[in-house]
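Structural overview
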Amino acid sequence: MFFQNLKSIKQMVDELLELDEKMVDGILASGHDWANDHIATSKDDVEEVHNFLMSKKVVGPVGMDEKMDPVGKEDEDVNNDGKVDKTDKYLLNRRKAISKASKKK
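1. Section: the side chain of Glu48
Among the secondary structure elements, Glu48 is positioned in helix H3 (residues 34-55). When sequence neighbours within four positions are dropped, the list of residues in contact with Glu48 reads Asp85, Lys86 and Thr87.

What follows is the structure, given as structure tokens:
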């Protein structure tokens, strides 16, 4: 699913890049600036995933190069990528939801 989504995004971006820039600028300037906001948000999301996955490239078993926080001394950088961002917030909320669901069973 991940790679299929990437391929779909790439295809749509390629089509958009073929459009006349002046025409697109004219359309966006006539009250459709929301489209620019969506592209900016998407760019940020793709950049975050890119940076995360590129930082995880390893030789050998996956994850063997990651340094985990000592037990009882976990910090807000859940994915240990060196920065606290919305990915960490997502992972923390996901872990809480899984833990809560597990306790109900």
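2. So, a nonpolar patch on the surface
The grouping of Phe2, Phe3, Leu6, Ile9, Met12, Val13, Leu17, Val49 and Leu53 at the surface amounts to a nonpolar patch, some 840 Å² of accessible area in total. If you list the elements that add at least two residues to the nonpolar patch, you get helix H1 (2-17) and H3. The element that contributes the greatest number of residues to the nonpolar patch is H1, accounting for 7 residues. Mapped onto the fold, Leu53 is located in helix H3.

3. Section: the pattern of salt bridges
In the structure shown here, the tally under the stated rule is 4 salt bridges. Its salt-bridge partner being Lys43, residue Glu47 comes within 3.4 Å of it at the nearest N-O pair. With Glu47 and Lys43 both in helix H3, this residue pair falls 4 residues apart, about one helical turn. Note on Glu47: relative accessible area 38%, which makes it partly exposed. The exposure class assigned to Lys43 is partly exposed, which follows from its relative accessible area of 48%.

Criteria and thresholds
- Sequence order sets the numbering: in each chain, residues are counted from 1 along the sequence as written.
- The predicted nature of this model means local features are confined to residues of pLDDT at least 70 and side-chain atom pairs, given and counted, to a pLDDT of 80 or more, with totals for whole chains, interfaces and linings taken over all residues.
- Hydrogen atoms and water are omitted, and side-chain values are computed over all heavy atoms in the structure.
- Numbering of helices and strands starts at the N terminus; helices are DSSP runs of H or I of at least 4 residues and strands are runs of E of at least 2.
- Contact between two residues is taken to exist if any of their heavy atoms lie within 4.5 Å; hydrogens are not considered.
- Note that patches include only residues with greater than 30% relative accessible area and no salt bridge, and the join distances are 9 Å for like charges and 5 Å for nonpolar side chains (Val, Leu, Ile, Met, Phe, Trp, Tyr).
- Only the protein chains shown count as cover for residues, with accessible areas throughout obtained via the Shrake-Rupley method and a probe of 1.4 Å.
- When a carboxyl oxygen of Asp or Glu lies within 4 Å of a side-chain nitrogen of Lys or Arg, that pair is called a salt bridge.
- Buried, partly exposed and exposed residues are distinguished by accessible area as a fraction of the type maximum, computed with a 1.4 Å probe on protein chains only: under 20%, between the cut-offs, and over 50%, respectively.

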